[in-house]
Amino acid sequence: MRAAAMGLLCLTISAGTAFAADDDGAPAKPDVPNIYLDLRTTYATIPAGTLGLGLGNTSLSAAFEALAARRGATLPNGLPAAKSIAVDLPLTVDVSERVSLYGGVSGSTTDIGGGWSALDITSWNIGVQADLYQQNGGRIPTITLQSTLTQSVPNEPGMTNSFNNILEFDYALDEDETRGWLAGLQYTTTTIASPLASIRPNTILYVGGYYQWPSNWKFTGRLGMQSFGGAQLAGRTLAEPFTQPILRLDLDRMDDNDNRLFGITAQIAWMPKPSYQVTLRTPLYAVRN
């Protein structure tokens, strides 16, 4: 975690000291990338006997998985229904129009029937999002890869490490890229620091589309199928495997340069009972170009 933070800090400092020169040799304005805290606040409900998974799988699911691993052996009736509030604080640096780096910590509080637990740091994460190819008016869609490594805390038996990868294809229908179609694949693997427990991979295939109004409000919808292999502890099933639909809806307020100013996400995932999740995104910009 220290290495990740130092890397982002060095990148920020080096970006802040980079200058361009014009033809006369005079220094121009500093070429500084977007730097912001991508604050996300999430409320989720999880039905009994399952884990908190879904599209855009973040540190929230890692916190649920850590809770399941720690409490599973002491719950004779399996995993109970749960509610959770999580706050993600990734420091994000848009290195260029094609590449973003991020890393930070997340805290959560959970209610499994006996009242809300104390809000505490439950995980840290580091990741990268990159456009492998940009459409730029052509016929081949923009191809984006996002990879996130998440580790639950504290570092103790039962902690989890999750590696989440999203490969998305974005085919814009106009030159300004204000409307288009989406298709993608999300694949998540999770390991538990215990020889007695295991969580199998989670895979989501989805399609969708988006539309951005002249007022810079943008709506995005994704509909897909989620397939989860289940989880076990000491030979006992913690979460059953399932293959069920998932729906995610996003409403974002953008500026004229497509920087997000505010966003709200609603998600319903059947596991097979429905799990509901609402996320507010309120980026806090240090530098916004």
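Placed above this text is the structure.
Rules and cut-offs
- Residues numbered from 1 in each chain as written.
- Predicted model: local features only at pLDDT ≥ 70, side-chain atom pairs only at ≥ 80, totals over all residues.
- Heavy atoms only, no water.
- Patch = residues over 30% accessible without salt bridge, like charges linked within 9 Å, V, L, I, M, F, W, Y side chains within 5 Å.
- Areas by Shrake-Rupley, 256 points an atom, 1.4 Å probe, with all protein chains shown as cover.
- Salt bridge = Lys/Arg side-chain N within 4 Å of Asp/Glu carboxyl O.
- Helix = DSSP H or I, 4+ residues; strand = E, 2+ residues; numbered from the N terminus.
- Buried < 20%, exposed > 50% of the residue type's maximum accessible area, 1.4 Å probe, protein only.
- Phe/Tyr/Trp six-rings, centres within 6.5 Å; stacked < 30°, edge-to-face > 60°.

Trainee: Looking at this structure, how should I read a nonpolar patch on the surface?
Mentor: A contiguous nonpolar patch, built from Tyr211, Trp213, Trp217, Phe219, Leu249, Leu251, Leu261, Phe262, Ile264, Val278 and Leu280 and spanning about 860 Å² of accessible area, is present on the exposed surface. Elements supplying a minimum of two residues to the nonpolar patch: strand S12 (217-228), strand S15 (242-254), strand S16 (260-270) and strand S17 (274-281). With 3 residues, the single largest contributor to the nonpolar patch is S16. Mapped onto the secondary structure, Tyr211 falls in strand S11 (residues 197-212). Owing to a relative accessible area of 36%, Tyr211 belongs among the partly exposed residues under this scheme.

Trainee: Would you take a moment to explain the pattern of salt bridges for this structure?
Mentor: Opposite charge on two side chains makes pairing possible when the charged atoms of those side chains draw close. Taken as a whole and judged by the stated rule, the model has 9 salt bridges. Close ionic contact of Glu168 with Arg222 constitutes a salt bridge, the shortest N to O distance being 3.2 Å. Of this pair, Glu168 sits in strand S9 (residues 160-172) while Arg222 sits in strand S12, and the two are 54 residues apart along the sequence. Asp255 is the salt-bridge partner of Arg288, the closest N and O atoms lying 2.8 Å from each other. Placement of the pair is Arg288 in the segment after strand S18 (284-287) and Asp255 in the loop between S15 and S16, with a sequence separation of 33 residues.

Trainee: I'm lost on the packing of aromatic side chains in this one. Help?
Mentor: Where two aromatic rings form a pair, the distance of their centres and the angle of their planes describe that pair. Under the definition given, this model contains 3 aromatic pairs. With centroids separated by 4.9 Å and ring planes inclined at 40°, the aromatic side chains of Tyr36 and Tyr285 adopt a geometry described as tilted. Taken as a pair, Tyr36 in strand S3 (residues 34-37) and Tyr285 in strand S18 lie far apart in primary sequence, 249 residues in all. Assessed through its relative accessible area of 25%, Tyr285 is described here as partly exposed.

Any functional reading would require information that these geometric values do not contain.
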